[in-house]
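Single-letter residue listing:
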Amino acid sequence: MAAPLVRTEGLCKDYLLGGEVIRAVHNVTVSIVKGEFVAVMGPSGSGKSSFMNLLGCLDTPTSGRYLLDDVDILAQNGGSMARTRSRKIGFVFQNFSLLPRSSALDNVELPLKYSRFPRRDREALAMRMLDSVGLAGRAHHLPTQLSGGQQQRVAIARAMVNSPSIILADEPTGALDTKTGLEIMQLFQRLNQGGITIILVTHEPDIASQARRILRFRDGEIVDDTSVK
(Lines give C-alpha, C1' and ligand atoms only; values in the text may rest on other atoms or scores of the structure.)
Protein backbone atom coordinates (compact mmCIF):
# COMPACT_ATOMS: atom_id res chain seq x y z
CA MET A 1 0.00 0.00 0.00
CA ALA A 2 1.20 3.52 -0.81
CA ALA A 3 2.60 5.69 1.96
CA PRO A 4 -0.01 8.01 3.52
CA LEU A 5 -0.21 11.54 2.18
CA VAL A 6 -2.22 12.54 5.26
CA ARG A 7 -1.70 10.84 8.62
CA THR A 8 -3.14 11.85 11.97
CA GLU A 9 -2.48 10.15 15.29
CA GLY A 10 -4.70 10.89 18.29
CA LEU A 11 -5.55 14.31 16.88
CA CYS A 12 -7.47 16.55 19.30
CA LYS A 13 -8.72 20.13 19.20
CA ASP A 14 -10.18 21.81 22.28
CA TYR A 15 -11.78 25.24 22.60
CA LEU A 16 -12.46 27.18 25.79
CA LEU A 17 -15.99 28.57 25.71
CA GLY A 18 -17.41 30.36 28.76
CA GLY A 19 -15.00 28.57 31.06
CA GLU A 20 -15.96 25.19 29.61
CA VAL A 21 -13.65 23.06 27.47
CA ILE A 22 -15.30 22.06 24.19
CA ARG A 23 -13.63 19.13 22.45
CA ALA A 24 -14.23 19.73 18.74
CA VAL A 25 -11.96 16.92 17.54
CA HIS A 26 -11.18 13.95 19.77
CA ASN A 27 -8.55 11.27 19.29
CA VAL A 28 -8.77 11.09 15.50
CA THR A 29 -6.35 8.64 13.91
CA VAL A 30 -6.64 8.25 10.16
CA SER A 31 -4.50 7.75 7.06
CA ILE A 32 -5.29 8.94 3.54
CA VAL A 33 -3.06 7.89 0.66
CA LYS A 34 -2.21 9.87 -2.45
CA GLY A 35 -4.96 9.77 -5.05
CA GLU A 36 -7.86 9.04 -2.69
CA PHE A 37 -11.20 10.83 -2.93
CA VAL A 38 -12.61 11.06 0.60
CA ALA A 39 -15.92 12.58 1.70
CA VAL A 40 -16.29 13.78 5.30
CA MET A 41 -19.83 13.71 6.70
CA GLY A 42 -21.56 14.31 10.00
CA PRO A 43 -24.26 16.45 11.64
CA SER A 44 -23.70 20.08 12.53
CA GLY A 45 -21.21 20.32 15.38
CA SER A 46 -19.79 16.86 14.75
CA GLY A 47 -16.25 18.15 14.24
CA LYS A 48 -15.93 17.70 10.49
CA SER A 49 -15.15 21.37 9.77
CA SER A 50 -12.73 21.59 12.71
CA PHE A 51 -11.00 18.49 11.34
CA MET A 52 -10.71 20.07 7.90
CA ASN A 53 -9.29 23.27 9.40
CA LEU A 54 -6.59 21.19 11.08
CA LEU A 55 -5.79 19.36 7.84
CA GLY A 56 -5.61 22.69 6.03
CA CYS A 57 -3.19 24.19 8.57
CA LEU A 58 -5.77 26.89 9.25
CA ASP A 59 -5.75 25.84 12.91
CA THR A 60 -3.36 23.92 15.16
CA PRO A 61 -4.30 20.84 17.19
CA THR A 62 -4.33 20.83 20.98
CA SER A 63 -2.59 17.45 20.97
CA GLY A 64 -1.77 14.54 18.72
CA ARG A 65 0.20 14.42 15.48
CA TYR A 66 -0.50 15.49 11.92
CA LEU A 67 1.86 14.57 9.08
CA LEU A 68 1.24 15.92 5.59
CA ASP A 69 3.41 14.37 2.90
CA ASP A 70 5.80 13.22 5.67
CA VAL A 71 6.05 16.76 7.10
CA ASP A 72 5.29 16.97 10.84
CA ILE A 73 3.00 19.99 10.94
CA LEU A 74 3.29 20.57 14.70
CA ALA A 75 7.08 20.75 14.41
CA GLN A 76 6.79 23.79 12.12
CA ASN A 77 6.75 27.44 13.15
CA GLY A 78 4.14 29.84 11.81
CA GLY A 79 6.10 30.82 8.71
CA SER A 80 6.90 27.24 7.78
CA MET A 81 3.28 26.22 8.28
CA ALA A 82 2.13 29.06 6.00
CA ARG A 83 4.56 27.93 3.30
CA THR A 84 3.37 24.33 3.63
CA ARG A 85 -0.23 25.54 3.31
CA SER A 86 0.60 27.60 0.22
CA ARG A 87 2.58 24.90 -1.59
CA LYS A 88 0.81 21.69 -0.67
CA ILE A 89 -2.88 22.54 -0.10
CA GLY A 90 -5.56 23.92 -2.39
CA PHE A 91 -8.81 25.18 -0.85
CA VAL A 92 -12.34 25.30 -2.26
CA PHE A 93 -15.09 26.84 -0.12
CA GLN A 94 -18.89 26.91 -0.21
CA ASN A 95 -19.02 30.69 -0.74
CA PHE A 96 -16.27 30.64 -3.44
CA SER A 97 -14.16 33.23 -1.53
CA LEU A 98 -13.21 35.17 -4.67
CA LEU A 99 -11.97 38.76 -4.56
CA PRO A 100 -15.03 40.68 -5.86
CA ARG A 101 -13.10 43.48 -7.63
CA SER A 102 -10.60 41.17 -9.32
CA SER A 103 -11.11 39.31 -12.57
CA ALA A 104 -11.30 35.54 -12.76
CA LEU A 105 -7.73 35.53 -14.08
CA ASP A 106 -6.46 37.71 -11.23
CA ASN A 107 -8.20 35.50 -8.67
CA VAL A 108 -6.51 32.40 -10.07
CA GLU A 109 -3.14 34.19 -10.14
CA LEU A 110 -3.35 35.17 -6.47
CA PRO A 111 -1.69 32.05 -4.93
CA LEU A 112 1.17 32.40 -7.43
CA LYS A 113 1.86 35.90 -6.14
CA TYR A 114 2.05 34.64 -2.56
CA SER A 115 4.42 31.85 -3.58
CA ARG A 116 6.64 34.29 -5.49
CA PHE A 117 6.09 32.55 -8.80
CA PRO A 118 7.86 34.49 -11.62
CA ARG A 119 5.62 37.32 -12.77
CA ARG A 120 6.26 36.67 -16.46
CA ASP A 121 4.82 33.15 -16.15
CA ARG A 122 1.89 33.78 -13.79
CA GLU A 123 -0.71 34.90 -16.31
CA ALA A 124 0.02 32.04 -18.72
CA LEU A 125 -0.29 29.42 -15.98
CA ALA A 126 -3.46 30.98 -14.56
CA MET A 127 -4.97 31.03 -18.03
CA ARG A 128 -4.15 27.34 -18.50
CA MET A 129 -5.93 26.59 -15.23
CA LEU A 130 -9.01 28.53 -16.32
CA ASP A 131 -8.97 26.69 -19.64
CA SER A 132 -8.81 23.37 -17.78
CA VAL A 133 -12.12 24.18 -16.04
CA GLY A 134 -13.72 25.50 -19.23
CA LEU A 135 -13.53 29.21 -18.43
CA ALA A 136 -10.79 30.63 -20.67
CA GLY A 137 -13.44 32.79 -22.31
CA ARG A 138 -14.40 34.33 -18.96
CA ALA A 139 -10.88 35.23 -17.80
CA HIS A 140 -11.52 38.97 -17.62
CA HIS A 141 -14.97 38.80 -16.04
CA LEU A 142 -15.54 39.87 -12.44
CA PRO A 143 -17.14 37.36 -10.04
CA THR A 144 -20.42 39.30 -10.17
CA GLN A 145 -20.50 38.66 -13.92
CA LEU A 146 -20.26 34.89 -13.43
CA SER A 147 -22.83 32.32 -12.36
CA GLY A 148 -22.39 30.41 -9.11
CA GLY A 149 -21.10 27.37 -10.96
CA GLN A 150 -18.63 29.48 -12.92
CA GLN A 151 -17.40 31.14 -9.72
CA GLN A 152 -16.81 27.72 -8.18
CA ARG A 153 -14.86 26.67 -11.29
CA VAL A 154 -12.67 29.74 -10.84
CA ALA A 155 -12.15 28.74 -7.21
CA ILE A 156 -11.14 25.22 -8.29
CA ALA A 157 -8.71 26.63 -10.86
CA ARG A 158 -7.23 28.82 -8.11
CA ALA A 159 -6.91 25.79 -5.83
CA MET A 160 -5.03 23.88 -8.55
CA VAL A 161 -2.69 26.61 -9.76
CA ASN A 162 0.16 25.81 -7.34
CA SER A 163 -0.01 22.07 -8.15
CA PRO A 164 -0.92 21.16 -4.55
CA SER A 165 -0.60 17.70 -3.02
CA ILE A 166 -4.20 17.82 -1.85
CA ILE A 167 -7.45 19.74 -2.37
CA LEU A 168 -9.66 20.41 0.65
CA ALA A 169 -13.22 21.28 -0.35
CA ASP A 170 -15.66 22.49 2.32
CA GLU A 171 -19.28 22.09 1.13
CA PRO A 172 -18.27 23.06 -2.45
CA THR A 173 -21.78 22.38 -3.82
CA GLY A 174 -23.68 23.86 -0.87
CA ALA A 175 -24.49 27.17 -2.60
CA LEU A 176 -25.33 25.62 -5.97
CA ASP A 177 -28.45 24.11 -7.49
CA THR A 178 -28.54 20.35 -7.98
CA LYS A 179 -27.58 20.33 -11.67
CA THR A 180 -24.67 22.73 -11.21
CA GLY A 181 -23.53 20.85 -8.11
CA LEU A 182 -23.34 17.63 -10.10
CA GLU A 183 -21.31 19.41 -12.78
CA ILE A 184 -18.84 20.58 -10.13
CA MET A 185 -18.61 17.03 -8.78
CA GLN A 186 -17.84 15.78 -12.29
CA LEU A 187 -14.95 18.24 -12.36
CA PHE A 188 -13.68 16.94 -9.01
CA GLN A 189 -13.98 13.40 -10.37
CA ARG A 190 -11.87 14.34 -13.38
CA LEU A 191 -9.23 15.95 -11.17
CA ASN A 192 -9.15 12.88 -8.94
CA GLN A 193 -8.82 10.57 -11.94
CA GLY A 194 -5.79 12.68 -12.87
CA GLY A 195 -4.19 11.77 -9.54
CA ILE A 196 -5.23 14.67 -7.30
CA THR A 197 -6.09 13.77 -3.70
CA ILE A 198 -9.42 15.28 -2.64
CA ILE A 199 -11.00 15.54 0.81
CA LEU A 200 -14.49 17.00 0.66
CA VAL A 201 -16.89 17.97 3.46
CA THR A 202 -20.56 17.55 2.61
CA HIS A 203 -23.88 16.87 4.30
CA GLU A 204 -25.45 15.57 1.08
CA PRO A 205 -25.45 11.75 0.68
CA ASP A 206 -25.65 11.93 -3.13
CA ILE A 207 -22.52 14.10 -3.19
CA ALA A 208 -20.68 11.87 -0.71
CA SER A 209 -21.55 8.78 -2.76
CA GLN A 210 -19.35 10.08 -5.56
CA ALA A 211 -16.26 9.80 -3.37
CA ARG A 212 -14.45 6.49 -2.95
CA ARG A 213 -14.39 6.62 0.85
CA ILE A 214 -16.60 8.23 3.47
CA LEU A 215 -15.51 9.29 6.98
CA ARG A 216 -18.44 9.95 9.30
CA PHE A 217 -17.95 12.18 12.34
CA ARG A 218 -19.98 12.44 15.51
CA ASP A 219 -19.03 14.28 18.71
CA GLY A 220 -15.57 15.01 17.35
CA GLU A 221 -14.71 11.40 16.52
CA ILE A 222 -14.72 9.23 13.42
CA VAL A 223 -17.51 6.71 14.00
CA ASP A 224 -17.45 5.09 10.57
CA ASP A 225 -14.89 4.72 7.77
CA THR A 226 -16.43 3.15 4.67
CA SER A 227 -15.11 2.41 1.18
CA VAL A 228 -17.70 3.36 -1.43
CA LYS A 229 -16.12 2.11 -4.65
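Right above here is the structure, for reference.
Going along each chain's sequence as written, the residues are numbered from 1 onward. Per-residue local features of the predicted model are confined to residues with pLDDT of at least 70, and side-chain atom pairs are confined, for both listing and counting, to 80 or more; whole-chain, interface and lining totals are unaffected and use all residues. Excluding hydrogens and water, the side-chain figures rest on all heavy atoms present in the structure.

Draft legend 1. Structural view of unusual backbone geometry. The phi dihedral of Ser163 is positive, around 50°, even though this residue is not glycine. Only DSSP runs of H or I covering at least 4 residues are called helices, and only runs of E covering at least 2 are called strands; the numbering of each starts at the N terminus. With respect to the helices and strands, Ser163 occurs in the loop between helix H5 (148–160) and strand S7 (166–170). Even without a glycine there, the phi angle at Asp219 is positive, about 55°. Tracing the chain through its elements places Asp219 in the loop between strand S9 (213–218) and strand S10 (221–227).

Draft legend 2. How the structure looks around the layout of surface pockets. Of the grid points, spaced at 1 Å and generated over the protein atoms alone, those admitting a 1.4 Å probe that cannot get out make up cavities, while open sets with protein on both sides within 12 Å along at least five of seven lines make up pockets; any residue with an atom within 4 Å of a point is treated as lining. Grid points are joined across faces, edges and corners, and a volume is the space filled by probe spheres set on the points. One number sums up the size of the largest pocket: a volume of about 420 Å³. Forming the boundary of the largest pocket are 17 residues, of which Ser86, Ile89, Phe91, Pro111 and Tyr114 lie nearest the centre. Mapped by element, the contributors of at least two residues to the lining of the largest pocket are helix H2 (78–88), strand S6 (89–93), helix H3 (104–114) and H5. Residue contributions to the lining of the largest pocket peak at 4 residues, all from S6. As a working rule, the residues Ala, Val, Leu, Ile, Met, Phe, Trp, Tyr, Cys and Pro are called nonpolar, Asp, Glu, Lys and Arg charged, and the rest polar, with Gly in that last group. Tallied by class, the residues present in the lining of the largest pocket amount to 11 nonpolar, 4 polar and 2 charged.

Draft legend 3. Expanded view of the packing of H3 against helix H4 (residues 119–132). Inter-axis angles, ranging from 0 to 180 degrees, are taken between N-to-C directions of lines fitted to C-alpha atoms, where helices are fitted over the stretch in contact. At their nearest, the axes of H3 and H4 sit 9 Å apart, and the two run at 120° to each other. As far as their axial angle goes, H4 and H3 are oblique. With respect to the hand of their crossing, H3 and H4 are arranged in right-handed fashion. Residues Ala104, Leu105, Val108, Glu109, Leu112 and Lys113 of H3 form the contact with H4, whose participating residues are Arg122, Glu123, Leu125, Ala126, Met127, Met129 and Leu130. Here the contact of H3 with H4 is composed, by residue class, of 9 nonpolar, no polar and 4 charged. Throughout, the term roughly parallel applies to angles under 35 degrees, roughly antiparallel to angles over 145, roughly perpendicular to angles from 65 to 115, and oblique to all others. By definition, any crossing whose near helix is turned counterclockwise from its far helix by less than a right angle is left-handed, and any crossing with a clockwise turn is right-handed. Throughout, a residue-residue contact means that at least one pair of heavy atoms, one from each residue, lies within 4.5 Å.

Draft legend 4. Representation of the environment of Pro143 within the structure. Structurally, the position occupied by Pro143 is in the loop between H4 and H5. Sequence-wise, Pro143 and Ala169 are 26 residues apart; in three dimensions their C-alpha atoms are separated by 19 Å. Pro143 has contacts with Leu98, Leu99, Pro100, Ser102, Asn107 and Gln151, leaving out every residue within four places of it along the chain.

Draft legend 5. Region of the structure containing H4. Across its 14 residues, H4 extends 21 Å between first and last C-alpha, which sits within 8% of the 20 Å expected from 1.5 Å per residue. For H4, the elements touching its buried residues are H3 and H5. Downstream of H4 by one or two residues, Gly134 has phi in the positive range, about 80°. One fewer than the residue count of a helix, multiplied by 1.5 Å, yields its expected span.

Draft legend 6. Representation of the packing of H5 against helix H6 (residues 178–193). Direction vectors running N to C along H5 and H6 enclose 20°, while the axes themselves pass 10 Å from each other. If you check the angle between H5 and H6, you find them roughly parallel. For the element pair H5 and H6, the recorded crossing hand is right-handed. Contact with H5, carried on its side by Gly149, Gln152, Arg153, Ile156 and Met160, involves Thr180, Glu183, Ile184, Leu187, Phe188 and Leu191 of H6 and no other residues of that element.

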